[in-house]
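Residues per chain, in single letters:
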Amino acid sequence: MPAVLEIEGLRKTYKSRRRGTRNALDGFDMRVDAGQVHGFLGPNGSGKTTTLRTLLGLIRPDGGRMALLGHEVPDALPTVAGQVGAIVESPQFFPHFTARDTLSLLAGAGEVPAVRVDEVLELVGLRDRSGERVKTYSLGMKQRLAVASALLKNPKLLILDEPANGLDPGGIREMRTLMRTLAESGMTVVLSSHILGEIQLICDSVTIISLGRRVAFGPVDEVLAQHSSGAVRIRLEAVSDLPVATEALTQAGIRVTGHPDHLMLAGVDKPASVTRLLAEKNLYVSELAPIAVDLESVFLELTATAPVPGQHRQVDESMKVGGTGQPGPAGGGWGA
Amino acid sequence: MSLFRTELRRLSKRRFTRYMTLLGLLVLAAVVVGVFFTNQKIDAGQLAQAERQADQQYQEQMRWSEQERAACEQAKTAGTATDGRYPDDCSVITPPPREEIKAEWFLPSTFDFKETFAETLIPFAAILALVGFVIGASFVGAEWSTGGMMNLLLWRPKRLTVLLTKLAALLTGILAVTLPAAVLWFAGFWAVANFRGSTEKMTSGTWQSFMLTGVRGVVLVLVLTTIGFALASLGRHTAMALGGVVAVMVVGQFGLGILLSMASVRFAEAWLLPTYVLAWMTKTVTLQDWNSCNATYYGECKPATMDITWQQSSILLSVGVVVILGAALWAMRRRDIS
Ligand SMILES: Nc1ncnc2c1ncn2[C@@H]1O[C@H](COP(=O)(O)OP(=O)(O)O)[C@@H](O)[C@H]1O
Ligand SMILES: [Mg+2]
């Protein structure tokens, strides 16, 4: 599959006379294949918006290369801009214009036919409110307008920076459906978000960023598999057999946590070995379930941002790959 | 081209643009109406009456200086101290020449097109330049501060093209208001002169001179519009341009003016911007240094003078535009947008 978006070794340093320099992006890599819905995840201040801004030519990188739809950017931006629809960090609009005027002016600047304005207003559900001034819109309505402005070009690549910001549950679900529909029609969607359940539901692949570097990437199930710790839950026919089973498994070198009606095992390579071991002791397994990890847990582990009781984590305290950043505190939210 | 048309549309859709333009035009209309009602047509009878009054005044002056000279001579011969009330030579006490007492003084004001029209072009240009400045500043300033500029750049990534197209649309819009307004201004004052004064003695040379002054006025409007636009783009906020100008005028000009006059610098006005704007419109401003004036009791004061010409003003205006617009373009090219 051809890459629609490629980033290699991207660097961006913000310099400030008072506070010195800050490496917002520190050799960041990213790749998105055509036709995917790609999730772009990272804690606050990890560099997501900076990446998207750089990609779209709004800020100047200090190093690295980027390509959009096979063209090197920022040089080829004028060529590809018509095929890349984007919203960057809850975009603002001129407050005294109506939604329709706002879109119609963008359509005019981008040589998009005027009928498209009505199409996108319909798509994002603003049809009946399009004659009102943006000033009077709620946060979620502004967000919808932003998505509409990005869709206006009918882009090949759609980049949305936290599009779920301010949306109601219905809106989030509609957005999810919309994105799936768009992806099915061949559009590639890159989506940064904090709502990990959302990302897990709609994304084919993800890139996770922490302190300006990539910490994980790939299809969602692969990322989950790589970071599942081999946790297994078993139940036996008779609850009274649990202590015997615990003893046998512990002797075999498996970490066991007891519960009233089941056992949790950690560090299991092959679930079959557990069945065999217990069968040899005449203990019969009634349920054996490998525990699926969810994206949120992987995210918290990879970025080392899981909350620790009694501590207030500061924004830049997260995983630094290849550096001396603190390792992730164990005891995240494993388990179902 | 589509971007240019879109920007023109954006400009005309903005309420600020509409209200400011309307306000400017209303003020201009008020000036014309005000001049209309404060002037009158003069007929032959009134003129003769005024001549008579001027004659009377002259007679009075004659009598008075006669008296004074007599008193002076008397004081001389009597040898009484006059504490400088009278000059050494009493014969210098003379009445003003007859032609110094003008009949116009005794006439209600009347609008002589040939004499007065050129002056009216100064407030015309000043009011529209002010309107152009704030519209220009707010047009791009609001775009920056509301994120509209960023949105637009996602569609049109060529930054300089975007900024210059916006400027071109703005200048076109301002010109589209200024030119008809100028035609109406000419027509309005022609009518005022017709009904409340005279339109006599107009030659093609006068017309040409008025036209040129009008053109310089339009150029002034465009220059100030550009400067407002460039300042707001540089500061990325409308308030930056307005604040900058207030700072320059109050601190730079007011403060400088006070400082210069305290230091009794010769021709202090030569350091102040309004002088150059005035010179641009009137072709020359003659500054006078009253400190170098040796006025005598009877003689006329002849202060040292210095001319500021419209050519000098044009250099100042060009340098101003080039520097400020250049800086705005440079910042547009180089600076991060976030
Ligand atoms: N204009 C700026 N000047 C200085 N630092 C900035 C600027 N924009 C972002 N940063 C810093 O860069 C880092 C990454 O920010 P950002 O990309 O906005 O994070 P996020 O992943 O939350 O979108 C943060 O530490 C932020 O403080
Ligand atoms: Mg962000």
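What you are looking at is a predicted structure, and each value in this text was computed from that prediction instead of being measured.

Basis of the calculations
- Residues numbered from 1 in each chain as written.
- Chains lettered and ligands numbered in written order.
- Predicted model: local features only at pLDDT ≥ 70, side-chain atom pairs only at ≥ 80, totals over all residues.
- Heavy atoms only, no water.
- Axes fitted to C-alpha atoms, helices over the stretch in contact; angles between N-to-C directions.
- Helix = DSSP H or I, 4+ residues; strand = E, 2+ residues; numbered from the N terminus.
- Contact = heavy atoms within 4.5 Å.
- Nonpolar A, V, L, I, M, F, W, Y, C, P; charged D, E, K, R; others polar.
- Phe/Tyr/Trp six-rings, centres within 6.5 Å; stacked < 30°, edge-to-face > 60°.
- Buried < 20%, exposed > 50% of the residue type's maximum accessible area, 1.4 Å probe, protein only.
- Buried area = accessible area lost by both parts, 1.4 Å probe.
- Salt bridge = Lys/Arg side-chain N within 4 Å of Asp/Glu carboxyl O.
- Polar contact = N/O pair within 3.5 Å; in protein donor to acceptor, adjacent residues only side chain to side chain.
- Domains from an automatic or database assignment.
- pLDDT = per-residue confidence, 0-100.
- Pairing = 2+ DSSP bridges.

## Focus on the packing of helix 4 (residues 113-146) of chain B against helix 8 (residues 238-262) of chain B
Two measures define how a pair of helices packs: the angle their axes make with one another and the distance between the axes.
All names here are of chain B.
Thinking step 1. Where helix 4 meets helix 8, the closest approach of the two axes is 7 Å, and the angle between their N-to-C directions is 145°. Contact with helix 4, carried on its side by Phe133, Val134, Ala137, Ser138, Gly141 and Ala142, involves Thr238, Ala241, Leu242 and Val245 of helix 8 and no other residues of that element.
Thinking step 2. Of the residues that constitute the contact of helix 4 with helix 8, the class distribution is seven nonpolar, three polar and no charged.

## Things to note about the packing of aromatic side chains
Residues and elements named next belong to chain B.
Thinking step 1. Under the defined criterion, the tally for this structure stands at 17 aromatic pairs over all chains.
Thinking step 2. A ring pair is formed by Phe111 and Phe189, whose centres lie 5.3 Å apart and whose planes are at 25°; its orientation type is stacked. Of this pair, Phe111 sits in strand 1 (residues 111-112) while Phe189 is found in helix 6 (residues 159-196), placing the two residues 78 residues apart along the sequence.
Thinking step 3. Residue class for Phe111 comes out buried when judged on its relative accessible area of 3%.

## So, the interface of chain A and chain B
Thinking step 1. Listed by partner, the interface residues are 32 residues for chain A and 28 residues for chain B.
Thinking step 2. Between chain A and chain B, the buried area comes to about 2700 Å², and carbon and sulfur atoms account for 60% of it.
Thinking step 3. Counting across the interface, chain A meets chain B through three salt bridges.
Thinking step 4. Between B:Lys13 and A:Asp101 there is a salt bridge, with its nearest N and O atoms 3.2 Å apart.
Thinking step 5. The interface formed by chain A and chain B contains 14 residue pairs in polar contact (both at pLDDT 80 or more).
Thinking step 6. Where the side of chain A that touches chain B is concerned, the elements lending two or more residues are helix 2 (77-80) and helix 3 (99-109) of chain A.
Thinking step 7. Per-element accounting of the side of chain A that touches chain B gives the leading share, six residues, to helix 3 of chain A.
Thinking step 8. The class makeup of the residues in the side of chain A that touches chain B is 18 nonpolar, seven polar and seven charged.

## Some points on the domain arrangement of chain A
Thinking step 1. For chain A, the assigned domains are domain 1 (3-225) and domain 2 (229-290).
Thinking step 2. Taking only C-alpha atoms, the centre of domain 1 of chain A and the centre of domain 2 of chain A are 46 Å apart.

## Here's the deal with the confidence of the model for chain B
All names here are of chain B.
Thinking step 1. On average, residues of chain B score 87 in pLDDT, and 95% of them reach the 70 mark or higher.
Thinking step 2. Helix 6 holds the highest mean pLDDT among the elements of chain B, 95, whereas helix 8 holds the lowest, 81.
Thinking step 3. Across the whole predicted complex the pTM is 0.83, and at the interface the ipTM reaches 0.79.

## Notes on the pairing of strand 13 (residues 263-266) of chain A
Residue and element names in this part refer to chain A.
Thinking step 1. As judged from the three bridges shared by strand 11 (residues 232-236) and strand 13, these two strands associate in the antiparallel manner. Paired with Ile234 across the strands is Leu263, a residue of strand 13.
Thinking step 2. Here four bridges tie strand 12 (residues 255-258) to strand 13, and the two strands are oriented antiparallel to one another. When the sheet's bridge partners are listed, Arg255 is paired in strand 13 with Ala266.
Thinking step 3. Remark: four residues form the turn of the hairpin made by strand 12 and strand 13, two consecutive strands paired antiparallel.

## Remarks on the domain arrangement of chain B
Residues and elements named next belong to chain B.
Thinking step 1. Along its sequence, chain B is organised into domain 1 (2-42 + 111-334) and domain 2 (44-106).
Thinking step 2. Residue-level contacts link five residues of domain 1 with five residues of domain 2.
Thinking step 3. Between domain 1 and domain 2, roughly 420 Å² of surface is buried when both sides are summed, and carbon and sulfur atoms account for 64% of that area.
Thinking step 4. For the pair domain 1 and domain 2, the interface holds zero salt bridges.
Thinking step 5. On the surface where domain 1 and domain 2 come into contact, there are zero residue pairs in polar contact (both at pLDDT 80 or more).
Thinking step 6. The residue inventory of the side of domain 1 that touches domain 2, partitioned by class, reads three nonpolar, one polar and one charged.

## Quick look at the packing of helix 7 (residues 204-235) of chain B against helix 9 (residues 273-282) of chain B
All names here are of chain B.
Thinking step 1. The N-to-C vectors of helix 7 and helix 9 enclose an angle of 145°; their axes lie 8 Å apart at closest approach. Across the interface between the two elements, Thr213, Arg216, Gly217, Val219 and Leu220 from helix 7 touch Val277, Trp280, Met281 and Thr282 from helix 9.
Thinking step 2. Its residues placed into classes, the contact of helix 7 with helix 9 shows five nonpolar, three polar and one charged.

## Brief notes about unusual backbone geometry
Thinking step 1. The omega torsion of the bond from A:Val73 to A:Pro74 falls at 10°, within 30 degrees of zero and hence cis.
Thinking step 2. Non-glycine residue B:Lys201 carries a positive phi angle of around 65°.
Thinking step 3. When you line up the elements, B:Lys201 lands in the loop between strand 2 (197-198) and helix 7.
Thinking step 4. Positive phi values are uncommon outside glycine, yet B:Arg236 reaches one of about 60°.
Thinking step 5. Within the element layout of this structure, B:Arg236 appears in the loop between helix 7 and helix 8.

## Regarding the sheet that holds strand 1 (residues 3-16) of chain A
Residues and elements named next belong to chain A.
Thinking step 1. Spatially, four strands are ordered 2-1-4-5 in an open sheet, and the strand pairing comes out antiparallel. The outermost strands of the open sheet, each flanked by one partner alone, are strand 2 (20-33) and strand 5 (71-73). Averaged over neighbouring strand pairs, the angle between their axes works out to 30° when direction is ignored.
Thinking step 2. Taken together, the 11 bridges between strand 1 and strand 2 define a ladder with antiparallel strand orientation.

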